[in-house]
Amino acid sequence: MKKIYLAFLLITLSLSTGFSQLTFTIAPSMAALTNYFQGIGLTISNMTVTGNPASYGFFSGTSNMSFGSGVIMSTGMVNNLISNPSGAFLSSDNATMGDGLISTVASGPSYDACIIEFDCVPVNSNLLFNFSFGSEEYNEYVYSGYNDAFAIAVTGPDPAGGSYNNTNFARLPGTNTPVVSVNSINNGNGGAGPCTNCVYYIDNATGLDVAYDGFTSGLLGLVPVTPGQTYHFKIVIADIGDPYYDSSVMFLANSFKSAPPVTTGIQENEEQGLALYPNPSSGSVVKIDVKDNTIKSAELFSAQGKRIENVQFDENPNTVKLNGTTKGVYFLHVTTNKGKSVKKLIVE
């Protein structure tokens, strides 16, 4: 009962946005959500969302959990309370159903599930996605029954033979361990060890950017696929054990992609830490974030491969001036000191 009591007591904490640069948009249209998920080399269709309308949306800006822009799914409410120091408290009972798949994955009853589903047709033999998982259950409820979790279930042809049937590909990097949860990535109860996959864990107990007390580093998921075949994706995050203490997962915009094997040093966005924001853009300037890399040039191309001549790149402060570029889907080719990257840009 102590945990439930604290949830109701602390939910009255006041909102302060002075420390973080993240902003949020809730309940976007299915068309907009499709545009945010879809990267190069694939087509996404039949987008649906199940859950509280305030539990999913877009983020934009920078924080120590994610940067750029993308999709956020939460077991609570997506709002500016997330953009606070870790002393703020995130706990919303959305009074929504759990999900059988995530209950099985996390070995416990689930609540407040947020579920996004879509169909996908890749053009190459792999499908990649980038994400980060964060939770208020850290660090005090590690190894308890409150094992909030996240899964990406895939159904479709397995290129190795047979079929995927809700096969979970939210896995620890380089393993076949199909669990991304509070109990699978942490530094022990209270943050003092023992370590469980803590190379991927960031203790945010004193953080200033997001309110979650802990989160994972950016993780890369990989699904082997057969080009031209249809795959069904079910992405789900849920509270486990009770409907309190929120968790969320963030996907970088357009990070769902089907890219050919890299043999020439040309990579597409996140492998070199590249992101654009705002994206989609309705303004005249787009910021390029490349972490520790140095940008040498940036060129914008239409979806048909035509170079857009009126776009201007400014090396300081790494911005692209769109100069009246018409609405549509474009691809920004960025050359850095580590090679060349391609990033999808939507102009609204």
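Preceding this section is the structure that the text describes.
Residues numbered from 1 in each chain as written. Predicted model: local features only at pLDDT ≥ 70, side-chain atom pairs only at ≥ 80, totals over all residues. Heavy atoms only, no water.

Description of the overall build of the chain
So, point 1. Scanning the chain from terminus to terminus reveals 3 helices and 22 strands.
So, point 2. Within the chain, the proportion of its 348 residues that are buried is 55%.
So, point 3. Taking as baseline every contact in the chain between residues at least 6 positions apart, the subset at least 24 positions apart corresponds to 72%.
So, point 4. For the chain, the exposed area adds up to about 13900 Å²; of that, 54% sits on carbon and sulfur atoms. (Helix = DSSP H or I, 4+ residues; strand = E, 2+ residues; numbered from the N terminus. Buried < 20%, exposed > 50% of the residue type's maximum accessible area, 1.4 Å probe, protein only. Contact = heavy atoms within 4.5 Å. Areas by Shrake-Rupley, 256 points an atom, 1.4 Å probe, with all protein chains shown as cover.)

Observations regarding the nonpolar core
So, point 1. Core analysis: the biggest nonpolar cluster contains 42 residues, and Phe37, Phe150, Ile152, Phe233, Phe251 and Phe256 have the highest contact counts within it.
So, point 2. Excluding residues within four positions of it along the chain, Ile152 makes contact with Phe129, Thr167, Asn168, Phe169, Ala170, Phe233, Lys234, Ile235, Phe251 and Phe256. (Core = buried A, V, L, I, M, F, W, Y, C linked by side-chain atoms within 4.5 Å.)

Some remarks on the state of the cysteines
So, point 1. This structure, assessed with the given rule, holds 1 disulfide.
So, point 2. Disulfide pairing is shown between Cys195 and Cys198; the S-S distance is 1.9 Å. Because the sign of the S-S torsion sets the handedness, a value of about -110 degrees for the bond joining Cys195 and Cys198 places this disulfide among the left-handed ones. (Disulfide = S-S within 2.5 Å.)

Topic: the packing of aromatic side chains
So, point 1. Enumeration according to the criterion identifies 19 aromatic pairs in this entry.
So, point 2. Between the aromatic rings of Phe129 and Phe256, the centroid separation amounts to 5.2 Å while the plane-to-plane angle is 15 degrees, which identifies the pairing as stacked. Here Phe129 is found in strand 6 (residues 126-135), whereas its partner Phe256 is found in the loop between strand 14 (247-252) and strand 15 (266-267), with 127 residues between them in sequence. Across the pair, exposure class does not vary: Phe129 and Phe256 are buried alike.
So, point 3. For the pair Tyr164 and Phe169, a centre-to-centre distance of 5.1 Å together with 80 degrees between the ring planes defines the contact as edge-to-face. (Phe/Tyr/Trp six-rings, centres within 6.5 Å; stacked < 30°, edge-to-face > 60°.)

Describing the sheet that holds strand 20 (residues 319-321)
So, point 1. One open sheet holds the 4 strands; their spatial order is 16-17-20-19, and the pairing between them is antiparallel. Among the strands making up the open sheet, the edge pair consists of strand 16 (275-277) and strand 19 (312-314). Between one strand axis and the next, the sheet turns through 25 degrees on average, direction left out of account.
So, point 2. The pairing of strand 19 with strand 20 spans 3 bridges and is classified as antiparallel. Within strand 20, the position partnered with Phe313 by the bridge is Val320. (Pairing = 2+ DSSP bridges. Axes fitted to C-alpha atoms, helices over the stretch in contact; angles between N-to-C directions.)

A closer look at helix 2 (residues 30-37)
So, point 1. Listing the buried residues of helix 2 in full gives Leu33, Thr34, Tyr36 and Phe37. The arc that holds the buried residues of helix 2, viewed along the axis, is 165 degrees, so those residues lie on one side. (Arc of directions from axis to C-beta.)

Details of the pattern of salt bridges
So, point 1. Applying the stated criterion to the full structure yields 1 salt bridge.
So, point 2. The residue Lys234 makes a salt bridge to Asp99 at a minimum N-O spacing of 2.8 Å. Remark: Asp99 occurs in the loop between strand 4 (67-74) and helix 3 (100-106) and Lys234 occurs in strand 13 (residues 231-240); sequence separation between them is 135 residues.
So, point 3. Assessed through its relative accessible area of 15%, Lys234 is described here as buried.
So, point 4. By relative accessible area, which is 10% here, Asp99 ends up buried. (Salt bridge = Lys/Arg side-chain N within 4 Å of Asp/Glu carboxyl O.)

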